Amino acid sequence: MGNLEIYGLLLTAISAGWLLGKLGNRSNKQTGDGLGSIFHDYFVGLNYLLNDEPDEAIDTFIKALEINSETVETHLALGALLRRRGKVDKAIKVHQTLLARPGLEADMADAARIQLAQDYITGGLLDRAERLLKELMQENSVAKWEALQLLITIYQTEKEWESAVACTQELLSNARYKKDSDWNARAAHYCCEIAEQFIDKEENGKARDSIKRAFGFRRHSVRAAVLLARIEQRLGNFKAANREYLRIMQQNPAFVPQILKAMRKSFVAIDKLPDFKHSLSDHVSNHFDPVALNMLVQLITESDGSEAAIRFLRMKIASEPSVTAATQLLKLEAGLQEEAQATDLERIHQMLENMLKKRAGYQCNQCGYESKNLYWLCPSCHTWDSIEPNYKNGI
């Protein structure tokens, strides 16, 4: 179906181009010859198509289309369609041929260069795309803003985070994009990527500066808050780290599973485990969070004993039934039973626990990609902040 779509577009373009040419050149004696040449190429292309030679058919159709100078927009559409169908080399050929035409209007030339840059990016020719887009930037044309977005994509792919931040800042200087939440979020992530590099080098001061920049783009950036808490904890500033952890728990409850282990260590470091337990209990009461529930049961067991944990789980199951709570209850009940009965309960517990382990804990809300780990950038569709916890009530 994809090839038929391309052929349909080509045939329509050829016919439209001939018609425009005929209407504009009634006095041209070569019109008949041009028409014959066009349809000769068309029938040759059709013959290739019928003989299952699609690449040769496309080349022939393109040759026929190139005869008509009035089909610029069709060239652009054709090139984009070829690119989407994976025929990047042919898309490049179409757009390069279009740019080689003398007298091409400036706006059409800019549109062709944008399309050609996208061809290069799709084909992995990032250096060529970058050079082309920088040329557009220097000319300060209307296409500058679209060129900026493509440049950001290139820098993100190549992990040139400072360049990505600089281009995003320039994009946000345009009133049209200034308050765009997606672009501000992306800029915050680029700053966080830089911060993580400094953290790995133990350059905490520079990491703080990058985190501050991230907050400048997105005031409630959860990733920046997590990194800041991590730095404070590393430096022994446990009270400051705990403030950040509590802020994350209140403002971004979906990300609590990512901070629980570090958060517990930070509270324990200043003998505040009861405070941590209290905050965790509030979180579990207000949000369905299997990871937090498991840790709370562990804390109750450690501080008050198994029977207290069993009572808590029974009340939890009565108010909010879940496989996670049932699994924990079976584990604790098995520890209080006679050996034979305990063995049966332990088997059931193990079966349920294995089922939970196979579950994908996170899913992209854009493309459906599933993972057991959190990614700030979806590995599949390359969208920021689209990976979310995949915990479902009852699980």
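Residues numbered from 1 in each chain as written. Predicted model: local features only at pLDDT ≥ 70, side-chain atom pairs only at ≥ 80, totals over all residues. Heavy atoms only, no water.

K.L.:
Explain the environment of Met-137 to me, please; I cannot follow it from the model alone.
P.N.:
Along the chain, Met-137 turns up in helix α7 (residues 126-139). Apart from residues no more than four positions distant in its own chain, Met-137 is found in contact with Lys-144, Ala-147, Leu-148, Leu-151 and Glu-170. (Helix = DSSP H or I, 4+ residues; strand = E, 2+ residues; numbered from the N terminus. Contact = heavy atoms within 4.5 Å.)

K.L.:
What is the right way to look at the sheet that holds strand β3 (residues 387-389) in this model?
P.N.:
The pairing of strands in a sheet happens through backbone hydrogen bonds and is either parallel or antiparallel. The 3 strands lie next to each other as β2-β1-β3, forming an open sheet whose pairing is antiparallel. With one partner strand each, in any of the chains shown, β2 (370-371) and β3 form the two edges of the open sheet. Inspection of the sheet shows strand β1 (residues 362-364) paired to β3 by 3 bridges, in the antiparallel sense. Residue pairing across strands places Tyr-362 opposite Pro-389, the latter belonging to β3. (Pairing = 2+ DSSP bridges.)

K.L.:
Just checking my understanding: could you explain the packing of helix α16 (residues 290-304) against helix α18 (residues 323-334) for this structure?
P.N.:
In a packed pair of helices, the relevant descriptors are the angle between the two axes and the axis-to-axis distance. With their axes 10 Å apart at the nearest point, α16 and α18 run at an angle of 25 degrees to one another. What the angle tells us is that α16 and α18 run roughly parallel. As for how α16 packs across α18, the hand of that crossing is right-handed. Facing α16, whose interface residues are Pro-290, Leu-293, Asn-294, Val-297 and Thr-301, α18 presents Thr-324, Ala-325, Gln-328 and Leu-332. (Axes fitted to C-alpha atoms, helices over the stretch in contact; angles between N-to-C directions. Parallel < 35°, antiparallel > 145°, perpendicular 65-115°, else oblique. Left-handed = near helix turned anticlockwise from the far one by under 90°.)

K.L.:
Quick question: what am I supposed to make of the packing of helix α9 (residues 161-172) against helix α10 (residues 181-200) here?
P.N.:
Where α9 meets α10, the axes come as close as 9 Å, and the angle between the chain directions of the two elements is 155 degrees. Here α10 runs roughly antiparallel to α9, going by the angle between their axes. Taken as a pair, α9 and α10 cross one another with a handedness that is left-handed. Judged by residue contacts, Trp-161, Glu-162, Ala-164, Val-165, Thr-168, Leu-171 and Leu-172 of α9 engage Trp-183, Asn-184, Ala-187, Tyr-190, Cys-191, Glu-193, Ile-194 and Gln-197 from α10. Taken together, the residues of the contact of α9 with α10 sort by class into 10 nonpolar, 3 polar and 2 charged. (Nonpolar A, V, L, I, M, F, W, Y, C, P; charged D, E, K, R; others polar.)

K.L.:
In this structure, what is going on with the layout of surface pockets? I would like to understand it.
P.N.:
One simple way to see leftover space: roll a probe sized like a water molecule over the atoms. Looking at the second largest pocket, its volume works out to about 310 Å³. In terms of lining, the second largest pocket is formed by 14 residues, of which the most central are Gln-156, Lys-159, Trp-161, Leu-377 and His-382. Of the residues that constitute the lining of the second largest pocket, the class distribution is 7 nonpolar, 4 polar and 3 charged. (1 Å grid on protein atoms, 1.4 Å probe; cavity = no way out; pocket = protein on both sides within 12 Å on 5 of 7 lines; lining within 4 Å. Points joined across faces, edges and corners; volume = space filled by probe spheres on them.)

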